[in-house]
Amino acid sequence: SSSGDNGIVFGVADVNNDGRLELIGSPNGKIISSYHLEPEEKLWSYGLGLNEQGAIGDVDGDGIFEIIAIKFDIEASGPYVKIKRDNFYKQRITYDLPVVAISGSDGSEVFYVGRVGRQVRTPITVDLSDTGSDDVVLFTDEGIRIIQDGMVATRVNLEGVFGGAVGNFHASRGIEVVYITQ
């Protein structure tokens, strides 16, 4: 994703399988929208709270892309859990954040997974399980979370994960997940 004075762009892809490219972005960081570029037309919007990161992938294997985003709304109740952290100087309240997959065809919610971690980095979509549908890899300050079929399938608890990557770094090993700690 990239940002600028006119909002945040998550990507450009044919997310609704109509043969035309759509721009997926957030004009204000609080909603995500899908737009046709020629002629300019807004197709749908979905409220996220405050968000500046997302990914595009087919997480349910139906041939239509979903937009994966971290959903954060500090005023919401329910899945947002306040966690007090003490340190020598001050106390602060952070929130355990959920991740959502939004259908590229109509903006509806495909899945919602609550409490994946605090300070969640940009999601990565990749077919780790070789099933034909993308998995979602999340790097958080609490470790790595891998979402498959709308559920956290793998949870690796590590302190201070700053980010990471997914790829075929050594041809003999297949796809690997690497991470960076602070």
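Owing to the predicted nature of the structure, the values given are computational and were not obtained by experimental measurement. (Residues numbered from 1 in each chain as written. Predicted model: local features only at pLDDT ≥ 70, side-chain atom pairs only at ≥ 80, totals over all residues. Heavy atoms only, no water.)

**Considering the overall build of the protein**
Note the threshold: Secondary structure elements are defined from DSSP: runs of H or I of at least 4 residues count as helices, runs of E of at least 2 residues count as strands, and each element is numbered from the N terminus. Exposure categories follow from relative accessible area, calculated using a 1.4 Å probe and restricted to protein chains: below 20% of the type maximum is buried, above 50% is exposed, and the middle band is partly exposed.
Scanning the protein from terminus to terminus reveals zero helices and 16 strands. Scored against the burial criterion, the 182 residues of the protein give a buried share of 45%.

**Quick look at the environment of Gly-174**
We count it as follows: By definition in these notes, contact holds between two residues if any of their heavy atoms fall within 4.5 Å.
If you trace the backbone, Gly-174 turns up in strand β16 (residues 174-181). Between the alpha carbons of Gly-174 and Leu-128 there is a distance of 9.2 Å; along the sequence they are 46 residues apart. Not counting the four nearest positions on each side in its chain, Gly-174 is found in contact with Gly-167, Asn-168 and Phe-169.

**Here we look at a nonpolar patch on the surface**
To keep things clear, this is the line we draw: Candidate patch residues must exceed 30% relative accessible area and have no salt bridge, after which like charges are joined if within 9 Å and Val, Leu, Ile, Met, Phe, Trp or Tyr side chains if within 5 Å. Residue exposure ignores everything except the shown protein chains as possible cover, and the areas themselves are Shrake-Rupley values with a 1.4 Å probe. Put simply, a salt bridge is a Lys or Arg side-chain nitrogen that is within 4 Å of an Asp or Glu carboxyl oxygen.
Taken together, Val-9, Val-12, Leu-21 and Leu-37 make up a surface patch of nonpolar side chains, about 320 Å² in accessible area. Residue classification places Val-12 among the partly exposed residues on the basis of a relative accessible area of 46%.

**Side note on the sheet that holds strand β11 (residues 124-126)**
As a reminder, the rule being used: Think of it this way: DSSP has to see at least two bridges between two strands before they count as a pair. Each axis is a line fitted through C-alpha atoms, and for a helix only the stretch in contact is used; angles between axes span 0 to 180 degrees, taken between their N-to-C directions.
With antiparallel pairing, the four strands of this open sheet are ordered in space as β11-β12-β13-β14. In this open sheet, the two strands that pair with only one neighbour each are β11 and β14 (151-157). Mean inter-strand twist for the sheet, computed between neighbouring axes without regard to direction, equals 20°.

**Details of the nonpolar core**
Formally: Working definition of a nonpolar core: buried Ala, Val, Leu, Ile, Met, Phe, Trp, Tyr and Cys residues. They are joined through side-chain atoms within 4.5 Å.
Core analysis: the biggest nonpolar cluster contains 14 residues, and Val-99, Phe-111, Val-116, Val-136, Leu-138 and Ile-147 have the highest contact counts within it. Broken down by secondary-structure element, the contributors of at least two residues to this core are β7 (66-70), β9 (91-103), β10 (109-117) and β12 (135-140). Sequence-distant contacts of Leu-138, that is, excluding residues within four places in its chain, are made with Ile-70, Val-99, Val-116, Val-120, Pro-123, Gly-143, Ile-144, Arg-145 and Ile-147. Core analysis: the next-biggest nonpolar cluster, separate from the first, contains 13 residues, Phe-10, Ala-13, Ile-24 and Ile-32 among them.

**Considering the confidence of the model for the protein**
To keep things clear, this is the line we draw: Scored between 0 and 100, pLDDT is the confidence that the predictor attaches to each residue.
The pLDDT averaged across the protein works out to 80; a share of 81% of its residues lies at or above 70. Predicted confidence in the protein is weakest over strand β1 (residues 2-4), with a mean pLDDT of 45, and strongest over β11, with 92.

**A closer look at the pattern of salt bridges**
Tallying each qualifying case throughout the model produces one salt bridge. Note that Glu-142 is salt-bridged to Arg-145, the shortest N-O span being 3.7 Å. Assessed through its relative accessible area of 19%, Glu-142 is described here as buried. Accessibility expressed as a relative area gives 1% for Arg-145, which makes it buried.

**Details of the pairing of strand β13 (residues 143-148)**
In the case of a regular strand, side chains alternate between the two sheet surfaces. Across the six residues that make up β13, a large majority, five, are buried. The pairing of β12 with β13 spans five bridges and is classified as antiparallel. Note on β13: the bridge partner recorded for Val-137 is Ile-146. Between β12 and β13, which pair antiparallel in sequence order, lie two residues. Sheet analysis places β13 next to β14, joined by six bridges and oriented antiparallel. Bridge pairing in β14 links Ile-147 to Val-152. Between β13 and β14, which pair antiparallel in sequence order, lie two residues; one of them, Asp-149, sits at a positive phi of approximately 55°.

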